[in-house]
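Spelled out from the first residue to the last, the chains are:
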Amino acid sequence: MLRRYNAAMIREVLRMGDPRLLASARPVRDFATPELLALLADMRETMTHLDGAGLAAPQIGVALRVVIFGFEASPRYPEAAPVPYTVLINPELEALSEEEEEGWEACLSVPGLRGMVPRWKRLRYRGCDAQGRTFERAVEGFHARVVQHECDHLDGILYPMRIRDMRLFGFQDILPLAPGDSAADRTDRDDNE
Ligand code: NI
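Sequence positions are assigned chain by chain, starting from 1 and proceeding in written order. Reporting in this predicted model follows two pLDDT cut-offs: at least 70 for local features of residues, and 80 or more for side-chain atom pairs to be given and counted; totals over whole chains, interfaces and linings ignore these cut-offs and use all residues.

Colleague: Looking at this structure, how should I read the overall build of the protein?
Modeller: Counting from the N terminus, the helices are the DSSP runs of H or I reaching at least four residues and the strands are the DSSP runs of E reaching at least two. Regarding its fold elements, the protein presents two helices and eight strands. Sequence-ordered secondary structure for the protein, helices as α and strands as β, is α-β-β-β-β-β-β-β-α-β.

Written out as structure tokens, the structure reads:
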């Protein structure tokens, strides 16, 4: 691939129906390589360009266990607490309680739609950064939701596959508010990516 001035590139995001989104991604073995750093730069550029909260490498056609996520403040998630920008490679997730929470999700690979998805409320995740250093965090709420959504992409799972009540899946501008979902918090969880 030609690269001018080593600039990061906005990559095309695959959309649901593309078989590459259904494949399992393979672990990263070599860290801090020019290829890995270029991939991460492209992913961040793409996520920022699309105002996403997260992105997984398979979404741009790269079958590696790499996800990024995070935002300080986003017009798309005005009420969501900030999530630090995070590179998470070869992730492992562990629920910290049995408790689940339903919440709206959307996905850059499923544009225009959203659905109500159950997720673990609290979890611990472990993985590596770009340099191969391991780290772990215990998180909850929106942060936990984003991590679960992104890591699902590494196993070929898109959020519609987790929806329990398909009546709560539809176009963002058409779907009525779900019971218990106040108008005030409608937008803060509109998009998970
Ligand atoms: Ni997604």
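Colleague: Just to check I follow, could you spell out the sheet that holds strand S7 (residues 134-140) for this structure?
Modeller: Pairing between the strands of a sheet is mediated by backbone hydrogen bonds and can be parallel or antiparallel. Pairing in this open sheet of five strands is antiparallel, and the strands run S1-S2-S3-S6-S7 from one edge to the other. One side of each edge strand has no neighbouring strand; the edge strands of this open sheet are strand S1 (54-56) and S7. On average, adjacent strands in this sheet sit at an angle of 35° to one another, irrespective of strand direction. Lying on the sheet, helix H2 (residues 141-153) is in contact with S1, strand S2 (66-71), strand S3 (83-95), strand S6 (122-128) and S7; it crosses S3 at an angle near 70°. Being paired, for any two strands, means DSSP has found at least two bridges between them. Note on method: axes are straight lines fitted to C-alpha atoms, helices fitted across the in-contact stretch only, with angles between N-to-C directions ranging 0 to 180 degrees. Residues are scored as being in contact if the C-beta atoms we place from backbone atoms lie within 7 Å.

Colleague: Where do I start with helix H1 (residues 34-49) in this structure?
Modeller: Residues spaced three or four apart along an α-helix point in a common direction, a consequence of the helix completing one turn every 3.6 residues. The span expected for a helix works out to 1.5 Å for each residue beyond the first. Taking 1.5 Å of rise per residue, the 16 residues of H1 would be expected to cover 22 Å, and the 22 Å separating its terminal C-alpha atoms lies within 8% of that figure. Each residue is classed by its C-beta neighbour count within 10 Å, where at least 20 other C-beta atoms makes it buried, 12 or fewer makes it exposed, and intermediate counts make it partly exposed; the C-beta atoms are placed from backbone geometry. Of all the residues in H1, the buried ones are Leu36, Leu39, Asp42, Met43, Thr46 and Met47. The buried side chains of H1 occupy one side of the element, clustering within an arc of 130° when seen end-on. Of the exposed residues in H1, the ones pointing more than 90 degrees away from its buried face are Pro34 and His49. Residues of H1 that are buried make contact with S1 and S2. Of the residues trailing H1, aspartate 51 is marked for its positive phi of about 60°. Here the arc refers to the set of directions running from the helix axis out to each C-beta atom.

Colleague: So what exactly am I meant to see when it comes to the environment of leucine 22 here?
Modeller: The topology assignment puts leucine 22 in the segment before H1. Residue class for leucine 22 comes out partly exposed when judged on the 14 C-beta atoms lying within 10 Å of it. Once the C-alpha coordinates of leucine 22 and leucine 154 are considered, the two residues, 132 residues apart in sequence, prove to be 8.7 Å apart.

Colleague: Help me out: how do you make sense of unusual backbone geometry in this one?
Modeller: Across the chain, the bulk of peptide bonds are trans and the bulk of non-glycine residues have phi less than zero. Positive phi is not limited to glycine here, since alanine 32 has a value of about 60°. Mapped onto the secondary structure, alanine 32 falls in the segment before H1.

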